[in-house]
Amino acid sequence: MAFWSHLQELAGGSRGRIVRALRDAWHDEVRLAVQLSRHAEQVPYESSHAPLRELAERARARAGQLADELTRQGAAIANGNDGPPDREPGGGRNYWQRLNVDLEDLRAVGQRYRELAHHFDLDYPETAALFERLAHDSVAMGRVLTRLIALSDPHAAD
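Counting of residues starts from 1 at the beginning of each chain's written sequence and follows it residue by residue. In keeping with the model being predicted, local features are shown solely for residues with a pLDDT of at least 70 and side-chain atom pairs are shown and tallied solely at 80 or more, while totals for entire chains, interfaces and linings include all residues. In computing side-chain values, all of the structure's heavy atoms are included and hydrogens and water are not.

Section: the packing of helix α2 (residues 14-41) against helix α4 (residues 95-120)
Phase 1 of the analysis: Fitted lines through C-alpha atoms give the axes, limited to the stretch in contact for helices. The angle between two N-to-C directions lies from 0 to 180 degrees. Secondary structure elements are taken from DSSP: a helix is a run of H or I of four residues or more, a strand is a run of E of two residues or more, and numbering for both begins at the N terminus. Packing of α2 against α4 brings their axes to within 11 Å, and their N-to-C directions diverge by 165°. Between α2 and α4, the crossing angle belongs to the class labelled roughly antiparallel. You can see that α2 and α4 cross each other, and the crossing is left-handed. Across from Ser-14, Arg-17, Ile-18, Ala-21, Ala-25, Asp-28, Glu-29, Arg-31, Leu-32, Gln-35, Leu-36 and His-39 in α2, the residues of α4 making contact are Arg-98, Val-101, Asp-102, Asp-105, Leu-106, Val-109, Tyr-113, Leu-116, His-119 and Phe-120.
Phase 2 of the analysis: Considering only residue class, the contact of α2 with α4 consists of 11 nonpolar, four polar and seven charged. Angle categories are assigned with fixed cut-offs, so that under 35 degrees is roughly parallel, over 145 is roughly antiparallel, 65 to 115 is roughly perpendicular, and the rest are oblique. Crossings are classed by handedness, with left-handed meaning an anticlockwise turn of the near helix from the far one by less than a right angle and right-handed meaning a clockwise turn. In this description, contact between two residues means that some pair of their heavy atoms is separated by no more than 4.5 Å. Only Asp, Glu, Lys and Arg are considered charged in this grouping, and only Ala, Val, Leu, Ile, Met, Phe, Trp, Tyr, Cys and Pro are considered nonpolar; every other residue, Gly among them, is considered polar.

Right under this line is the structure:
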C-alpha cells in the first residue's frame, strides 16, 4: 500500500514532493520531541530538567507548525498512516551521550530544513520561509544543548 501512495505522490509533481517533505519533517519533529522528553526524564542534574523539557515543547510546537502547513497544502496528517515514525528515538548510556545524540539529531534536522528551504523557495515561498525559520530555530535550540553538554560530566553515571 505504501508503494502505491508513494507512486501517487511522485505523480503529483512538485505538490507531491512538498507534501512528502512536510510529512517527513513532521515525523522528524515528533520523534525529536519524544526523544527530548525521554531524555528530560533521565536527567541526573535537577538544573537541567527544565531546559530539556522546554526543548521538547519547542519540538512539539514545530511539529504543530508543520502539521498546519500540511493542512494549508491540503494534505493534513491522517490518523493511522502518518503517526509517529517507526524509527526509535535516540539514546545513550549516560546523560552526556544522550545530549550529544540530541544535538546531532537537531543539527541534521536543521540542515535538512535549510536544504528544503532552498529546494522549494521558488515554487512554495511560504513553505520555504517556514523551513528557513525552523532551521534558524534549530540553531538556537542547538545552543541550549551545547551549553548543557559543556556543563555535563561525560563520565557521570546515571
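Let's pick the thread back up.
Some details on α4
Phase 1 of the analysis: The terminal C-alpha atoms of α4, which comprises 26 residues, lie 37 Å apart, in line with the 38 Å expected from a rise of 1.5 Å per residue.
Phase 2 of the analysis: Distance and chemistry together define a polar contact, namely a pair of N or O atoms within 3.5 Å, with one atom able to donate a hydrogen and the other to accept it when in protein, and with adjacent residues in sequence counting only for side-chain atoms on both sides. N-capping of α4 is provided by Asn-94, with a side-chain oxygen placed 3.2 Å from the backbone N of Trp-96. Each residue after the first adds 1.5 Å to the expected span of a helix.

Details of the packing of aromatic side chains
Note on aromatic pairs: each is described by the distance of the centres and the angle between the planes.
Phase 1 of the analysis: For Phe, Tyr and Trp, where Trp contributes only its six-membered ring, two rings pair if their centres lie within 6.5 Å, and the inter-plane angle classes them as stacked under 30 degrees, edge-to-face over 60, or tilted in between. Overall, the coordinates contain two aromatic pairs when judged by the stated rule.
Phase 2 of the analysis: Here the aromatic rings of Tyr-113 and Phe-131 are separated by 5.9 Å at their centres, their planes lie at 20°, and the arrangement is stacked. Taken together, the residues Tyr-113 in helix α4 and Phe-131 in helix α5 (residues 125-151) connect sequence positions 18 residues apart. The same class applies to Tyr-113 as to Phe-131, namely buried.
Phase 3 of the analysis: Here Phe-120 and Tyr-124 contribute two aromatic rings whose centre-to-centre distance is 6.1 Å and whose plane-to-plane angle is 75°, an arrangement assigned as edge-to-face.
Phase 4 of the analysis: For the exposure calls, accessible area comes from a 1.4 Å probe over protein chains only, and a residue counts as buried if that area is under 20% of its type's maximum, exposed if over 50%, partly exposed in between. Note on Phe-120: relative accessible area 4%, which makes it buried.
Phase 5 of the analysis: The exposure class of Tyr-124 is buried, given its relative accessible area of 15%.

Notes on the environment of Gly-92
Phase 1 of the analysis: With respect to the helices and strands, the residue Gly-92 is situated in the loop between α3 (49-72) and α4.
Phase 2 of the analysis: As for Gly-92 and Asp-102, which are separated by 10 residues in sequence, their C-alpha atoms are 9.8 Å apart.
Phase 3 of the analysis: Excluding its chain neighbours within four sequence positions, the residues that come into contact with Gly-92 are Gln-97 and Arg-98.

Description of the environment of Leu-32
Phase 1 of the analysis: Take Leu-32: it is sitting in helix α2.
Phase 2 of the analysis: Leu-32 gets classed as buried once you look at its relative accessible area, which sits at 1%.
Phase 3 of the analysis: Excluding anything up to four places from it in sequence, Leu-32 contacts Ala-59, Asp-102, Asp-105 and Leu-106.

Focus: the nonpolar core
Phase 1 of the analysis: Here, the term nonpolar core denotes a set of buried Ala, Val, Leu, Ile, Met, Phe, Trp, Tyr and Cys residues that are joined through side-chain atoms within 4.5 Å. Residues Ile-18, Leu-66, Tyr-113, Phe-120 and Phe-131 are the most contacted members of the largest nonpolar core, which totals 22 residues.
Phase 2 of the analysis: Secondary-structure elements contributing two or more residues to this core are α2, α3, α4 and α5.
Phase 3 of the analysis: When residues of this core are assigned to their parent elements, the largest contribution, seven residues, is made by α2.
Phase 4 of the analysis: If we ignore the near neighbours within four places in the chain, the residues touching Tyr-113 are Ala-25, Glu-29, Arg-62, Leu-66, Phe-131, Leu-134, Ala-135 and Ser-138.
Phase 5 of the analysis: In this structure, Leu-32, Val-43, Leu-52 and Leu-55 belong to the second largest nonpolar core, which totals 17 residues.

Observations regarding the packing of α3 against α4
Phase 1 of the analysis: The N-to-C vectors of α3 and α4 enclose an angle of 25°; their axes lie 13 Å apart at closest approach. In terms of axis orientation, α3 runs roughly parallel to α4. At the point where α3 passes α4, the crossing takes the left-handed sense. Contact residues: α3 offers Leu-52, Arg-62 and Leu-66, while α4 offers Tyr-95, Leu-99, Asp-102, Leu-106, Val-109 and Tyr-113.
Phase 2 of the analysis: Within the contact of α3 with α4, the residues separate by chemical class into seven nonpolar, no polar and two charged.

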